[in-house]
Amino acid sequence: MDMNNINIEEIVKQVLSGMTGNAPAASAAPAPAVSGGIPKTARVAMLTEKKHYEIREYPLPEVGDDDMLVKVEGCGVCGTDAHEYKNDPFGLIPVVLGHEGTGEIVAMGKNVKVDSAGKPVKIGDKIVTCMIFKDDPEITMFDLNKKNVGGADVYGLLPDDDVKFNGWFADYIFIRGGKFGSTFFNVSDLDLDSRILIEPCAVLVHAVERAKTTGILKFNSRVVVQGCGPIGLICIAVLHTMGVENICAVDGNEKRLEIAKKMGASTTVNFMNHQGIEALTNAVKEAQDGHLADFAFQCTGNPKAHANIYKFIRNGGGLCELGFFINGGDATINPHFDLCAKEINLVGSWVYNLRDYATTFDFLKRAKAIGLPISELITHRYPLEEINEAHETNLAMTGLKIAIINK
Ligand SMILES: NC(=O)c1ccc[n+]([C@@H]2O[C@H](COP(=O)([O-])OP(=O)(O)OC[C@H]3O[C@@H](n4cnc5c(N)ncnc54)[C@H](O)[C@@H]3O)[C@@H](O)[C@H]2O)c1
Ligand SMILES: [Zn+2]
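This structure is a prediction, so every number in the text was calculated from the model and none was measured. (Residues numbered from 1 in each chain as written. Chains lettered and ligands numbered in written order. Predicted model: local features only at pLDDT ≥ 70, side-chain atom pairs only at ≥ 80, totals over all residues.)

Novice: Quick question: what am I supposed to make of unusual backbone geometry here?
Specialist: Trans peptide bonds make up the majority, and among non-glycine residues the majority have a negative phi. With an omega dihedral of 0°, the bond running from I93 to P94 counts as a cis peptide bond. For P94, the location among the structural elements is in the loop between α2 (79-87) and β5 (95-96). Of note in the backbone geometry, D88 takes a positive phi value of approximately 50° without being a glycine. Checked against the element boundaries, D88 lands in the loop between α2 and β5. Although it is not a glycine, E343 adopts a positive phi angle of roughly 50°. Relative to the elements of secondary structure, E343 occurs in the loop between α10 (335-340) and β15 (345-348). Classification of E343 as exposed rests on a count of 10 C-beta atoms within 10 Å. (Helix = DSSP H or I, 4+ residues; strand = E, 2+ residues; numbered from the N terminus. Buried ≥ 20, exposed ≤ 12 C-beta atoms within 10 Å, placed from the backbone.)

Rendered as structure tokens:
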């Protein structure tokens, strides 16, 4: 069966049509719709120096015709937040971080009618923002790095200004319209945990889309997923949800391998139990009824793991390398034995594009429908005032996804 035929065309059309222009301006100019109970001031968690957030209270800004005020329900802590917390590589401090957030629209201007996919929005709807801009569906993180971080509209990575409510680590976030507008989606039909997991899941939807371009990944493929952190585990969940049955998870952590099974891995290999690449390859083969993998996903940031994974793949098989969001150093492979002679089809994958977001909403609904315990990926939940502890737990890597949950 050919998975390239999965129909995302319709979704893409919807996304694109929502990006071609703003909603028509209404002729009358009523005051912005406001639901009851909005306070005058609210809190943000401001990163004021490296490894230090302060909870600060500011007046909530007035909602203009193109703006939205959103009451934050929760926000995941991302690897990017960890980099900012430790190093401030983008030079944003002081900054309100948090881009994997979600919440409820409590006030909106008269010009806000639809989300970036053209879906109507109203007070009470639950939304997420997306790091990728509207108006350019093909834009990637490469462009993002050039354009943004220091000037554009990525909520959770905006420099501080008089608005203050610029990130999801807060009680409220202020989504500005007009030229400053963000890509946002109405995801009222997803539960809170699913909404918090949208962004990391989009990374894997994109990786699977990249894998599909090789033409090798099929429903009946034998697939190896190497690395069972959040990225590898979601990779397994996406593959399983789309109908891939033979998934072998490889990691050195037995607890994570157990979760891999819950996410849909049919077999697991603990690399700690096998000395040397030959023994490990044999174990992977054994787990797949004596066969090497048709396709493999590399989900660790370990260069040695990159070198190893070629051994697990059959001649003519495919590999998607997505484990290096940042530079993790050089890997040594033998181009003759590992790539040429095996005719490996290699693709790299980095972040996602806008259309992957729409696909991700459907993935999360399907995953829930088939009973995958996606919520278990969120292992720690902290209130906003414990955001420093949340980041320390994230750095300690004792859990999987860490989230800030507002009461
Ligand atoms: N491509 C992208 O856009 C993108 C996006 C986000 C994260 N990432 C990258 O994905 C990687 C994984 O992210 P994560 O959050 O799951 O990280 P993580 O550190 O929580 O998980 C990595 C897992 O790999 C395992 N591992 C390490 N060496 C191994 C080996 N030799 N063989 C098998 N397993 C091994 C570890 O035990 C761990 O469970 C990171 O390096 C991150 O940079 C990429
Ligand atoms: Zn993120």
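After that view of the structure, there is still more to cover.
Novice: Help me understand the site of ligand 1 in this model?
Specialist: Near ligand 1 lie 30 residues; those nearest to it are G227, G229, I231, G301 and F325. Contributions of two or more residues to the shell around ligand 1 are made by α6 (230-241), β11 (246-251) and α9 (303-309). Considering every element that reaches the shell around ligand 1, the biggest residue donor is α6, with three residues. A per-class count over the shell around ligand 1 returns 15 nonpolar, twelve polar and three charged. (Near = placed C-beta within 6 Å. Nonpolar A, V, L, I, M, F, W, Y, C, P; charged D, E, K, R; others polar.)

Novice: Whenever I open this one, the environment of V121 confuses me. Can you help?
Specialist: Of note, V121 is situated in the loop between β6 (100-108) and β7 (126-130). Along the primary structure V121 and F185 are separated by 64 residues, whereas in three dimensions their C-alpha atoms are 8.8 Å apart. In this structure V121 touches I105, V112, V114, D115 and N186, once residues within four positions along its chain are discounted. (Contact = placed C-beta atoms within 7 Å.)

Novice: Even after reading the chapter, I still don't get the nonpolar core, so can you show me in this structure?
Specialist: Considering soluble globular proteins, one finds that nonpolar side chains tend to be buried as a cluster. Core analysis: the largest hydrophobic core is formed by 117 residues, its most contacted members being F169, A170, C235 and I236. Contacts of A170, omitting those with residues within four sequence positions, involve A42, R43, V44, A45, V72, V96 and F165. (Core = buried A, V, L, I, M, F, W, Y, C linked by C-beta atoms within 7 Å.)

Novice: Looking at this model, I keep getting lost on the sheet that holds strand β12 (residues 267-270). Mind explaining?
Specialist: An order of β12-β11-β10-β13-β14-β15 is seen for the six strands of this open sheet, with the pairing classed as parallel. Where the open sheet ends on each side, the last strands, each with one partner, are β12 and β15. In this sheet, neighbouring strand axes are inclined to one another by 20° on average, regardless of whether the strands run parallel or antiparallel. Pairing of strand β14 (residues 313-321) with β15 involves four bridges; the strand directions are parallel. (Pairing = 2+ DSSP bridges. Axes fitted to C-alpha atoms, helices over the stretch in contact; angles between N-to-C directions.)

Function cannot be read off these values alone, since they describe shape.
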